[in-house]
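These are the residues of each chain, in order.
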Amino acid sequence: MTLLSMANGLLAGLGLELVRRKPEERLDFPPTAEERAEVNRIIREFAARQDPSKAAVSSADQWAAYLGDIRLSFFAEFLQLVLDRNIPLNHQRVADFGSGTGYLLRLIQRQAPEAELVGFDSFPEVNELAKMICPTATYYEHFDARHDRFDVIFCTEVLEHLKYPRQRLQQLADRVDPGGRLILKVPNGRTDTHAAKNAREDGTAYWGHCHFWSPESWPLFLEEAVGDRGRFEAGTLPSGGNWGIVTLNA
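Residues numbered from 1 in each chain as written. Predicted model: local features only at pLDDT ≥ 70, side-chain atom pairs only at ≥ 80, totals over all residues. Heavy atoms only, no water.

Visitor: Explain the pattern of salt bridges to me, using residue names and the numbers behind them.
Guide: Under the defined criterion, the tally for this structure stands at 16 salt bridges. Between Arg85 and Glu233 there is a salt bridge whose closest N-O contact spans 3.4 Å. On the criterion of sequence distance, the pair formed by Arg85 in the loop between helix H4 (69–84) and strand E1 (93–97) and Glu233 in strand E8 (residues 230–236) is long-range, its members being 148 residues apart. Given a relative accessible area of 34%, Arg85 falls into the partly exposed group. Where Lys185 meets Glu157, a salt bridge forms, and the shortest distance between an N and an O atom there is 2.7 Å. Of this pair, Lys185 sits in strand E5 (residues 176–186) while Glu157 sits in the loop between strand E4 (150–156) and helix H7 (165–174); the two residues are 28 residues apart in sequence, bridging distant segments of the chain. Lys185 sits in the buried class, given a relative accessible area of 5%. If you follow the salt bridges from partner to partner, you end up with Glu38, Arg41, Glu45 and Arg49 in one network. (Salt bridge = Lys/Arg side-chain N within 4 Å of Asp/Glu carboxyl O. Helix = DSSP H or I, 4+ residues; strand = E, 2+ residues; numbered from the N terminus. Buried < 20%, exposed > 50% of the residue type's maximum accessible area, 1.4 Å probe, protein only.)

Visitor: How would you explain the packing of aromatic side chains if you had to name every residue and give the values?
Guide: For the structure on display, the rule yields 11 aromatic pairs. Aromatic side chains Phe46 and Trp63 sit 6.1 Å apart centroid to centroid with 75° between the ring planes, which places their arrangement in the edge-to-face category. Of this pair, Phe46 sits in helix H2 (residues 33–49) while Trp63 sits in helix H3 (residues 60–66), and the two are 17 residues apart along the sequence. On the accessibility criterion, Phe46 (1% relative accessible area) is buried. Aromatic side chains Phe123 and Trp207 sit 5.7 Å apart centroid to centroid with 45° between the ring planes, which places their arrangement in the tilted category. One end of the pair, Phe123, is in the loop between strand E2 (116–120) and helix H6 (124–133); the other, Trp207, is in strand E7 (residues 206–207), and 84 residues separate them in sequence. (Phe/Tyr/Trp six-rings, centres within 6.5 Å; stacked < 30°, edge-to-face > 60°.)

Visitor: Any chance you could break down H4 for me, citing the residues and the numbers?
Guide: Structural remark: α-helix, 3.6 residues per turn; residues separated by three or four positions point the same way. In a regular helix each residue adds 1.5 Å, so 16 residues correspond to 22 Å; H4 covers 22 Å between its end C-alpha atoms and thus fits that length. Burial within H4 is extensive, with 12 of its 16 residues counted as buried. Among the residues of H4, Leu72, Ser73, Phe74, Phe75, Ala76, Glu77, Phe78, Leu79, Gln80, Leu81, Val82 and Leu83 are the ones counted as buried. Buried residues belonging to H4 abut H2, helix H5 (103–111), E4, E5 and strand E9 (242–248). Asn86 sits one or two positions beyond H4 and adopts a positive phi of about 55°. (Expected span 1.5 Å × (residues − 1). Contact = heavy atoms within 4.5 Å.)

Visitor: Lay out the pairing of E2 with the relevant residues and their values.
Guide: Counting buried positions over the five residues of E2 gives four, a clear majority of the element. Bridge count between E1 and E2: five bridges; the pairing is parallel. Bridge pairing in E2 links Ala95 to Val118. Handedness of the crossover is the feature at issue here: the chain leaves E1, passes through H5, returns alongside E2, and the resulting connection is right-handed. Where E2 lies against strand E3 (residues 138–140), three bridges are found, and the strand directions are parallel. Considered in E3, the bridge of Phe120 is made with Tyr140. In this view, the connection linking E2 to its parallel neighbour E3 by way of H6 has right-handed handedness. (Pairing = 2+ DSSP bridges. Right-handed = clockwise from strand over helix to strand, strands pointing away.)

Here is the structure:
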């Protein structure tokens, strides 16, 4: 007889019962074999739909390499950090700026099925893939004042590409409701080797990284960028990336 059953036997006369707490569900990183197979299936289906005459079209192998286990793992590890801090996502308006393939939104949807999800990415091709990876989200190519405010905005692996990351961070913060969160991730500049080779055609960002924040310089950047808009915490994931969570003033 377990201690739980013994306690329930003593409490039964009072009409009371102890219930074992369900263990907290944890995200998988690296992903399970089933998840890996499902992502590859979606990629193959997406690649088969593409017009091969377009020079910019990527093959299924290229997309599968891009969405490899390392990338899928860091999304799961990053979201687990957020969940561990009890940041509410369910029944919230949640945006992902630089949503890419939509995989982070896919993970968020599983943990917060009642959240309203929106993705922003400037590449039409990648938005089409995202619609298949996380079909419950709505996707846009541009992020501007026409869009409503959000309870939570994620921005992962984006700021390091931008010419003016401080300005963009503040623009994102402007679209977060009072008391909401802006949740950020950038590579660890000490180990990041993806240096920029040239600027994008629109002049706003680089194909590659032009900013390299160390674990020490990253909080200093956040302190300057956030200012009196709210408070922030920052750290480094076990896999090496820098994270930041900005809570806007209520």
